[in-house]
Amino acid sequence: MALMVAREVPTSSTMAVPHGPASVGVARRRLRRDLGDREIPEPVIDDAVLILSELLSNACRYARPLGPLPALDRGARAGVVGPLLVGGRSRTGGPATAPGEGGEDAGGVLVRWQMHADGVLTLEVTDGGAQTRPSPSSPSLTSHGGRGLSIVDQLASDWGVRDAPGEVTVWAALPARARHARRTGG
């Protein structure tokens, strides 16, 4: 008698986006589509999209871009090893170019999400670092910003910052399955 063991394989997506605010919408749409394709519960997708928006917005606003990003094939999906460069605007305000069109040296930001076998979804944004380390702030009620990492702290089960030479990664984790069960009462 043969015994078969089914095991969910962790899946991930990595993409590189130009360093600029237009990249936030591109990454949000890709994350929503990717998680929807994996049948992640809608409340988890909403939280993940908001977390990614905050992390990527902070990277584009406060941090330097990474150095030149490698040119890879368009259309790369879950399980890719390297990044995917997508459209948007460059840091200088001009249109971003596709790989091989002369824009790779402008730098960008790496975005990654991974669904682990234990049901935890991790989101990561890697940039070239800033003058200060990312940390939550306490803005005034009338302030127009400064709430992003506090929002991440409220939505994520855990988050943190990893430093490496020439880059900083801000990551957040959220339980995809347990959160859905609590919200639906099931």
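Residues numbered from 1 in each chain as written. Predicted model: local features only at pLDDT ≥ 70, side-chain atom pairs only at ≥ 80, totals over all residues. Heavy atoms only, no water.

(A) Just the overall build of the chain, in detail. A count of helical and extended segments in the chain gives four helices and five strands. Taken from the N to the C terminus, the helices and strands of the chain come in the order β-α-α-β-β-α-β-β-α. Looking at the chain residue by residue over its 186 residues, the buried ones come to 41%. By sequence separation, contacts in the chain at least 24 residues apart represent 71% of the contacts at least 6 residues apart. Surface exposure of the chain reaches about 10,100 Å², of which carbon and sulfur atoms provide 54%. (Helix = DSSP H or I, 4+ residues; strand = E, 2+ residues; numbered from the N terminus. Buried < 20%, exposed > 50% of the residue type's maximum accessible area, 1.4 Å probe, protein only. Contact = heavy atoms within 4.5 Å. Areas by Shrake-Rupley, 256 points an atom, 1.4 Å probe, with all protein chains shown as cover.)

(B) Inspection of the pairing of strand β5 (residues 167-175) at higher detail. Burial analysis of β5 places eight of its nine residues in the buried class, which makes it a mostly covered element. Inspection of the sheet shows strand β3 (residues 120-127) paired to β5 by eight bridges, in the antiparallel sense. Bridge pairing in β5 links Leu-123 to Ala-172. Where strand β4 (residues 158-164) hands over to β5, the hairpin turn is made up of two residues, of which Gly-166 adopts a positive phi near 80°. (Pairing = 2+ DSSP bridges.)

(C) Representation of the sheet that holds strand β2 (residues 108-115) in the model. Spatially, β1-β2-β3-β5-β4 is the arrangement adopted by the five strands of the open sheet, whose pairing is antiparallel. The sheet is open, and its two edges are formed by β1 (11-18) and β4, each paired on a single side. On average, adjacent strands in this sheet sit at an angle of 15° to one another, irrespective of strand direction. Helix α1 (residues 22-37) contacts β1, β2 and β3 of the sheet and is inclined by roughly 165° relative to β1. (Axes fitted to C-alpha atoms, helices over the stretch in contact; angles between N-to-C directions.)

(D) Quick peek at the nonpolar core. Core analysis: the biggest nonpolar cluster contains 35 residues, and Ile-51, Leu-56, Trp-113 and Leu-121 have the highest contact counts within it. Among the elements of the structure, β1, α1, α2 (42-62), β2, β3, α3 (148-155), β4 and β5 are those that each provide at least two residues to this core. Counting residues per element, this core draws most heavily on α2, which supplies ten residues. (Core = buried A, V, L, I, M, F, W, Y, C linked by side-chain atoms within 4.5 Å.)

(E) Focus on the environment of Thr-169. Along the polypeptide, Thr-169 turns up in strand β5. Look at Thr-169 and you get buried, because its relative accessible area is 5%. C-alpha of Thr-169 to C-alpha of Glu-124: the two residues are 45 residues apart in sequence and 6.4 Å apart in space. Apart from residues lying up to four places away in sequence, Thr-169 is in contact with Glu-124, Val-125, Thr-126, Gly-160, Val-161 and Arg-162.

(F) Inspection of the pattern of salt bridges at higher detail. Taken as a whole and judged by the stated rule, the model has four salt bridges. Its salt-bridge partner being Arg-32, residue Glu-42 comes within 2.8 Å of it at the nearest N-O pair. Taken together, the residues Glu-42 in helix α2 and Arg-32 in helix α1 connect sequence positions ten residues apart. On the basis of relative accessible area, Glu-42 is assigned to the partly exposed category, the value being 45%. On the basis of relative accessibility, which here comes to 32%, the residue Arg-32 falls in the partly exposed class. Among the ionic pairs, Asp-34 bridges to Arg-38, the shortest N-O distance being 3.3 Å. Overall, Asp-34 belongs to the buried group, its relative accessible area being 2%. Linked by salt bridges that have partners in common, Arg-32, Glu-42 and Asp-46 make up one network. (Salt bridge = Lys/Arg side-chain N within 4 Å of Asp/Glu carboxyl O.)

(G) Local environment of α1. Counted at 1.5 Å a residue, the expected span for α1 with its 16 residues is 22 Å, and the 24 Å between its end C-alpha atoms agrees. Here α1 has its buried residues at Ser-23, Val-24, Ala-27, Arg-30, Leu-31, Asp-34 and Leu-35. Down the axis of α1, the buried set is contained in an arc of 135°. They therefore lie on one face. For α1, exposure combined with an orientation more than 90 degrees from the buried face picks out Arg-29 and Asp-37. Looking one or two places after α1, you find Glu-39, whose phi comes out positive at around 60°. (Expected span 1.5 Å × (residues − 1). Arc of directions from axis to C-beta.)

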